[in-house]
Amino acid sequence: MISKNALLLAASIAIAPMFSHSASAETEGVRIGLMTELTGPWVTGSGALCKKGYELARKTLVKNDMYAGRKLSFVYGDTEGVGKAS
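The present account deals with the structure reproduced in this document.

The rules behind each value
Residues numbered from 1 in each chain as written. Predicted model: local features only at pLDDT ≥ 70, side-chain atom pairs only at ≥ 80, totals over all residues. Heavy atoms only, no water. Core = buried A, V, L, I, M, F, W, Y, C linked by side-chain atoms within 4.5 Å. Buried < 20%, exposed > 50% of the residue type's maximum accessible area, 1.4 Å probe, protein only. Helix = DSSP H or I, 4+ residues; strand = E, 2+ residues; numbered from the N terminus. Expected span 1.5 Å × (residues − 1). Phe/Tyr/Trp six-rings, centres within 6.5 Å; stacked < 30°, edge-to-face > 60°.

**Considerations on the nonpolar core**
Next, step 1: Val30, Ile32, Leu34, Tyr54, Val62, Leu72 and Phe74 form the largest nonpolar core, which has seven residues in total.
Next, step 2: Among the secondary structure elements, those contributing two or more residues to this core are strand E1 (30-36) and strand E3 (70-78).
Next, step 3: Looking at which element gives the most residues to this core, the answer is E1, with three residues.

**What about unusual backbone geometry?**
Next, step 1: A positive phi angle is found at aspartate 65, which is not glycine, with a value near 55 degrees.
Next, step 2: With respect to the helices and strands, aspartate 65 occurs in the loop between helix H3 (43-61) and strand E2 (66-67).
Next, step 3: Using a relative accessible area of 17% as the deciding quantity, one classes aspartate 65 as buried.
Next, step 4: A positive phi angle, near 50 degrees, is found at alanine 68, a position not held by glycine.
Next, step 5: One can find alanine 68 in the loop between E2 and E3.

**With respect to H3**
Next, step 1: An ideal rise of 1.5 Å per residue puts 27 Å on 19 residues; H3 measures up with 25 Å between its terminal C-alpha atoms.
Next, step 2: Along H3, the residues that are buried comprise Gly47, Gly53, Tyr54, Glu55 and Ala57.

**As for the packing of aromatic side chains**
Next, step 1: Applying the stated criterion across every chain, the model contains two aromatic pairs.
Next, step 2: For the ring pair tyrosine 54 and phenylalanine 74, a centre distance of 5.9 Å and an interplane angle of 75 degrees mean the geometry is edge-to-face. Of the two residues, tyrosine 54 is situated in helix H3 and phenylalanine 74 in strand E3; the sequence distance between them amounts to 20 residues. Accessibility classification places tyrosine 54 together with phenylalanine 74 in one group, the buried group.
Next, step 3: Through successive ring pairs, a cluster of aromatic residues spans Tyr54, Phe74 and Tyr76.

What follows is the structure, encoded as structure tokens:
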């Protein structure tokens, strides 16, 4: 069974090329981000699990960090377990 995180990552990768309208955008990479708790009170619970799922989907769905000839970069954002931080 595919997790919700894997489906979201796959959908993000699939629709990302639709939003590039300029010729230079076709040669640029695509950044895919994850906002989760990397520090704070929830880091050992949901933050760690989200990061593991994100990395698993990245390794499973994307080979060599490339998709449709474009370089993908995967970034993290830390919410610190506080909704206002995101």
